[in-house]
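Breakdown of the fold
Residue strings, one per chain:
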Amino acid sequence: MDLTGLTEHEAGLRLKKYGENKLEIKRHRSLILQFFDEFKDIMVIILIAASVFSLLAGEWQDGSVIMFIVILNAVIGFVQKFRAERAVEALKKMVAPHAKVIRDGKVKDIEARFLVPGDLIVLAEGDSIGADAYVVEENELETDESTLTGESMPVVKDPEHKLYMGTNVVHGTGKAIIEETGMNTRFGKIAHLTTTTKKDESPLQKELNKIGIFVGKTTLVISGVLLLVGVFFQGQPFVHALLFAAAVAVAAVPEGLPATITIALALGVQRLAEKKAIVKQLSSVETLGATTVICSDKTGTLTQNRMTVEEIYSPDFVIDMNKKTNFNKRSLLLIAKIGMLCNDSKVQKQRKKWKVLGDPTEGALKIAIEKLGFKEEALEKTDKRIYEIPFDSIRKKMSVVVKEGNKYISLVKGAPDSVIEECKYILVNGKKKKLDAKTKKELIAKNEEMAKRALRVLAFAYKDIEKQKKKYSKDELEENLTFIGLAGMIDPPRPEVKHAIEMAKKAGIRTYIVTGDHGLTAHAIAKEIGLADNKTRIITGDEFEKISKRDLKKLLKDKGRSIIFARSKPEHKLRIVECLKELGEIVAVTGDGVNDAPALKRSDIGIAMGITGTDVSREAANMVLADDSYSTIVTAIEEGRKIYSNLKKFVFYIFSCNVGELLTVFTGIILGLPAPLTAVLILAVDLGTDVLPAIALGIDPVEAGIMDKPPRNQKQKIMEGAFVKRFLFLGLTIGIVVIGTFIWTLTSNGWQWGQSLSSDSLVYVKASTMAFVILVIIQMINAFNARSETRSVFKPGMKRNYKLVGAIIISIILTVAFVEVPFLQEFLRTTSLSLKEWGVIVVASLFVLVAEETRKLFVRRSYA
């Protein structure tokens, strides 16, 4: 069978013929229908009804203004949501599944959507199968077909067996030819089994939705009472009473809050993506900021994953790759064969630089052997590879069978402790000798000596095989081995990681290294980056399996002691995560392999590797690191804290302003006065001037020191006592100042208590205009109050938010236009204000700043 694959030209023709390999089950609603969704809110429907009634009753000014404000608010909401959804869609494409195909005789990495029938795909453990195919070559290939069958047991795949889109390779390697793509696959034909992105709400969104429903129901009752009072007790026309009741409802209910939070979270996701952290669910952004523990891999996350072979050791010689060393090429031949042939990576030299496709460790071995003068093509001619048992995290070994003339040899490489354990012989001066206990101890000591120098060590061994077989067992190939040598590789720490670990410590976040590598290698790296000292405990995989759950919890509870989990298996990682969660920790865990998926799913924040991670791990994770770096995790946590802090700011801003508006309206009614604000002016404030500052607060630069505080308790609600008291206090202040200004304006223009007052009189229009303007100006000042719970707005070091300043300037210009431009005066029933009145507004508005600054001063003193 020809296994050279399609040509790029033929693949292009087939792509045109069959289309992209994607599912089209989810129908996108048209933009016009999405726009009309903005009018589904019960309050908006009431406003539209009131507007229509106004127009029918001849009140065309009120009716048209309200309709304009409702449509304007719908446009703003639609545009923001549209942008947010497009941003999230763009991020999904960044973590789209890929596939390795052979085209033009070369292995290439492409997006799975570009697969076509006839493509030859290369499969390895952890790969997601991107289309329906049949197996043409396999090495212990097993797949998980639970998405189709519901059966969790792996399915063994032999040549000619079918592979299905949406299933995963859980063990082994192989090659397969694509038969069907897209909607023609079995997965595509079973619509109800296709996976779609789950739109999970964050705890904050759920909390605020419940509050919104409660406030909404309460407000509907109050609005109904106002409607009845207006019609039956105050003699107002039904349309006017309905309009006012609807406007009060809009003032009371933060109907735009869930959408604003969604927008803020989506903008946060965009910022995280710019910092190389791709978050798959909006709800994860909020959880990120509460993270208390990070369980991190070592290789590639704390280190650069740029392996370079430093030393090759055998009983006959030691080669320092950084120095010129005289060695017998023949004595090195067997090490070269194992390093080159027991290896699935591909390396290419491009412009004097090596490019590795596959595992960096295997790539480093091939590059080192090439540098020592051995060519892969030449070795493949003399030793043909005929069978492979892939590496797995349980055995920690890989083995292949090669045919050398008429002989068959098993070539094995893997973790030194696993390989040496299986060795009965050792090759010395070209002769096979019995490996005694003393020599075995010396080899283990050499391995540890190399590990202490932060070298990642691999051991090489071989075994003569009696005859060729179609299938070999692990025992046949990996028992009674002959030891050949060791290769030590350096994988230097990422330069940015040391600072990130310092930040995490200051932020009260603990980090545990959970690695499959040798404990001493991990300790040497951890010490270099400030994550370990001489008291750090190293727990190996064998020790871990003997630790009870109770003892493990006791170890993890000790926050003052660092621990490294070495030679760990994926199930160990899962146990660690479960214990930490039972201790009440918010756990972020990294993973890149298929067996890491359970731990990624069980954690609060599962973090997959974008470069080295498998499709399965990326699917199971909440977040994907585009650069695989630990420092990106800390940056994401910092960004999560910033986003949550800003969410609290505009929640506070909106609720304190709404409370102020409600108090103004109800105080006027209780005092027997006409409503200080007309329905149109309430809407102008709520849906006009308030919107831009609220959005600007969502992207406010956060106060310094956000990573100097311990993580917040995720169980703590945003509407806790102190937060509610604060916005009620400021809401009360806003209400008192606005109603006070309204009454002052009435009395200073000749009105007296007990005197009747028409809503059409000049005195009322003047007072109502004053109340409207001061409410807007106070809320603009309150936006600055919202920026910090304790820090003065005058304190140096508060970062400037130019977008907030811009939003406030636009809102103030709008307000001035509303009261000074003649045709707007007519529509909104406002009037021009004198310089004295503007002065009164400015001075009176400052009361809300004085009140909040006084509160902050007392809070700071109580902390001192």
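Bear in mind the structure is a predicted one, so any value in this text is a computation, not a measurement.

Another aspect to go through is the overall build of the chain. For the chain, the helix and strand inventory stands at 31 helices and 26 strands. For the chain, with 864 residues in total, the buried portion stands at 52%. Residue pairs in contact within the chain that sit at least 24 positions apart in sequence constitute 73% of those at least 6 positions apart. When the accessible surface of the chain is summed, it comes to about 39,800 Å², and 57% of that surface belongs to carbon and sulfur atoms.

The next point concerns the packing of aromatic side chains. Applying the stated rule across the entire model yields 13 aromatic pairs. Relative to Phe723, the ring of Phe652 lies with its centre 6.3 Å away and its plane at 70°, an arrangement referred to as edge-to-face. Of this pair, Phe652 sits in helix H24 (residues 630-670) while Phe723 sits in helix H27 (residues 721-748); the two residues are 71 residues apart in sequence, bridging distant segments of the chain. The class of Phe723 is buried, set by a relative accessible area of 4%. The structure contains a cluster of three or more aromatic residues connected by ring pairs, namely Phe35, Phe36, Phe39 and Phe78. Lying over the aromatic face of Tyr164, Arg186 brings its terminal NZ or CZ to 4.9 Å of the ring centre. Of note, Arg712 hangs over the ring of Tyr644, and the distance from its end group to the ring centre comes to 3.6 Å.

Here the focus is the packing of helix H20 (residues 549-557) against helix H21 (residues 570-582). Following both chains from N to C, one finds H20 and H21 inclined at 70°, their axes separated by 10 Å at the closest point. By the angle class used here, H20 and H21 are roughly perpendicular. The chirality of how H20 crosses H21 is right-handed. Across from Lys549, Leu552, Lys553 and Leu556 in H20, the residues of H21 making contact are Arg575, Ile576, Cys579, Leu580 and Glu582.

This next bit is on the nonpolar core. One finds Tyr630, Tyr653, Phe742 and Phe772 to be the most contacted residues of the largest nonpolar core, which totals 123 residues. When residues in this core are grouped by element, the largest group, 17 residues, is from H24. Not counting residues within four places of it along the chain, the set of residues in contact with Tyr653 comprises Asp690, Pro693, Ala694, Leu697, Gln779, Met780, Asn782, Ala783 and Ala786. The next biggest cluster of nonpolar side chains, apart from the first, holds 32 residues, and it includes Leu332, Ile335, Leu341 and Val402.

Now for the environment of Asp596. Within the secondary structure, Asp596 is located in the loop between strand E24 (587-591) and helix H22 (597-602). Beyond its immediate chain neighbours, meaning those up to four positions away, Asp596 contacts Pro570, Lys573 and Gly591. Only 3.4 Å separates the side chain of Asp596 from the side chain of Lys573, close enough to count as a polar contact. A polar contact is formed between the side chain of Asp596 and the backbone nitrogen of Asp592, at a distance of 3.0 Å.

If you walk across this open sheet you meet the eight strands as E8-E26-E25-E24-E9-E21-E23-E22, and the pairing is mixed. The open sheet has two edge strands, strand E8 (277-279) and strand E22 (537-540), and neither has a second partner. Taken over all neighbouring pairs, the strand axes of this sheet differ in orientation by 20° on average, direction set aside. Against the sheet, helix H18 (residues 519-528) contacts strand E21 (510-514), E22 and strand E23 (563-566), and its axis sits at roughly 145° relative to E23. Each of strand E9 (293-296), E21, E23 and E24 touches H21; the most contacted strand, E24, lies at about 170° to it.

Applying the stated criterion across every chain yields a total of 50 salt bridges. Among the salt bridges present, the one from Arg14 reaches Glu10, with a minimum N-O distance of 2.7 Å. Here Arg14 pairs with Glu10, and both are found in helix H1 (residues 8-18), just four residues apart, close to one helical turn. Overall, the relative accessible area of 25% leaves Arg14 in the partly exposed class. Classification of Glu10 by relative accessible area gives partly exposed; the value is 27%. Of the charged contacts, one joins Arg567 and Asp417 as a salt bridge, the two residues approaching to 3.0 Å between their closest N and O atoms. Placement of Arg567 in the loop between E23 and H21 and of Asp417 in helix H14 (residues 416-421) is noted, with a sequence separation of 150 residues between them.

With that settled, consider the pairing of strand E16 (residues 407-414). Of all eight residues in E16, seven are buried, a share of seventy percent or more. The pairing of strand E15 (residues 397-404) with E16 spans eight bridges and is classified as antiparallel. Note on E16: the bridge partner recorded for Val401 is Ser410. Two successive antiparallel strands, E15 and E16, enclose a turn made up of two residues, where Gly405 displays a positive phi of approximately 70°. Pairing analysis gives seven bridges linking E16 to strand E19 (residues 455-465), with the strands arranged antiparallel. Residue pairing in the sheet places Leu411 in a bridge with Tyr462 of E19.

Checked against the element boundaries, Lys642 lands in helix H24. Linking Lys642 and Met707, residues 65 residues apart in sequence, is a C-alpha distance of 9.5 Å. For Lys642, the contacting residues outside a window of four places in its chain are Lys275, Val702 and Ile706.

We now examine a nonpolar patch on the surface. Where nonpolar side chains cluster on the molecular surface, the patch consists of Val52, Phe53, Leu56 and Phe238 and spans about 400 Å² of accessible area. Along the chain, Phe53 turns up in helix H3 (residues 42-56).

On to the side chain of Ser768, then. Following the sequence through the fold, Ser768 ends up in helix H28 (residues 762-785). A distance of 3.2 Å separates a polar atom in the side chain of Ser768 from the backbone oxygen of Pro676. Those residues in contact with Ser768, other than ones at most four positions away along the chain, are Pro676, Leu677, Thr678, Leu681 and Phe742.

Looking at the chain, pLDDT values average 85 and 89% of them are 70 or higher. Across residues 191-200 the pLDDT falls below 50, and counting only partners more than four positions away or on other chains, this stretch makes 13 contacts in the model.

So, about the pairing of strand E20 (residues 481-490). Taken across its ten residues, E20 has nine buried, putting it largely inside the fold. Note that strand E10 (residues 308-313) and E20 share five bridges and pair antiparallel. Residue pairing for E20: Thr308 is matched across the bridge by Ile490. Direction of pairing for E19 relative to E20: antiparallel, over a ladder of eight bridges. Within E20, the residue paired with Ala461 across the bridge is Phe483.

Here we come to the side chain of Ser314. Here Ser314 shows up in the loop between E10 and strand E11 (318-320). On the accessibility criterion, Ser314 (4% relative accessible area) is buried. Beyond its immediate stretch of four places on either side in the chain, Ser314 contacts Ile335, Ile484 and Gly485.

With that settled, the discussion passes to unusual backbone geometry. Here Asp104, not a glycine, exhibits a phi torsion of approximately 55°, which is positive. You will see that Glu140, though not glycine, has its phi angle at about 50°, which is positive. Mapping Glu140 onto the fold places it in strand E4 (residues 132-144).

So, about the packing of H24 against H27. Running from N to C, H24 and H27 point in directions that differ by 40°, and their axes come no closer than 7 Å. One way to sum up the angle between H24 and H27 is to call them oblique. Where H24 crosses over H27, the handedness of that crossing is right-handed. Together, Lys648, Val651, Phe652, Phe655, Ser656, Cys657, Val659, Gly660, Leu663, Thr664, Thr667 and Gly668 of H24 and Phe723, Arg726, Phe727, Leu728, Leu730, Gly731, Leu732, Ile734, Gly735, Val738 and Ile739 of H27 make up the contact between the two elements. Taken together, the residues of the contact of H24 with H27 sort by class into 14 nonpolar, seven polar and two charged.

The rules behind the values
- Residues numbered from 1 in each chain as written.
- Predicted model: local features only at pLDDT ≥ 70, side-chain atom pairs only at ≥ 80, totals over all residues.
- Heavy atoms only, no water.
- Helix = DSSP H or I, 4+ residues; strand = E, 2+ residues; numbered from the N terminus.
- Buried < 20%, exposed > 50% of the residue type's maximum accessible area, 1.4 Å probe, protein only.
- Contact = heavy atoms within 4.5 Å.
- Areas by Shrake-Rupley, 256 points an atom, 1.4 Å probe, with all protein chains shown as cover.
- Phe/Tyr/Trp six-rings, centres within 6.5 Å; stacked < 30°, edge-to-face > 60°.
- Lys NZ or Arg CZ within 6 Å of the ring centre and 35° of its normal.
- Axes fitted to C-alpha atoms, helices over the stretch in contact; angles between N-to-C directions.
- Parallel < 35°, antiparallel > 145°, perpendicular 65-115°, else oblique.
- Left-handed = near helix turned anticlockwise from the far one by under 90°.
- Core = buried A, V, L, I, M, F, W, Y, C linked by side-chain atoms within 4.5 Å.
- Polar contact = N/O pair within 3.5 Å; in protein donor to acceptor, adjacent residues only side chain to side chain.
- Pairing = 2+ DSSP bridges.
- Salt bridge = Lys/Arg side-chain N within 4 Å of Asp/Glu carboxyl O.
- Patch = residues over 30% accessible without salt bridge, like charges linked within 9 Å, V, L, I, M, F, W, Y side chains within 5 Å.
- pLDDT = per-residue confidence, 0-100.
- Nonpolar A, V, L, I, M, F, W, Y, C, P; charged D, E, K, R; others polar.

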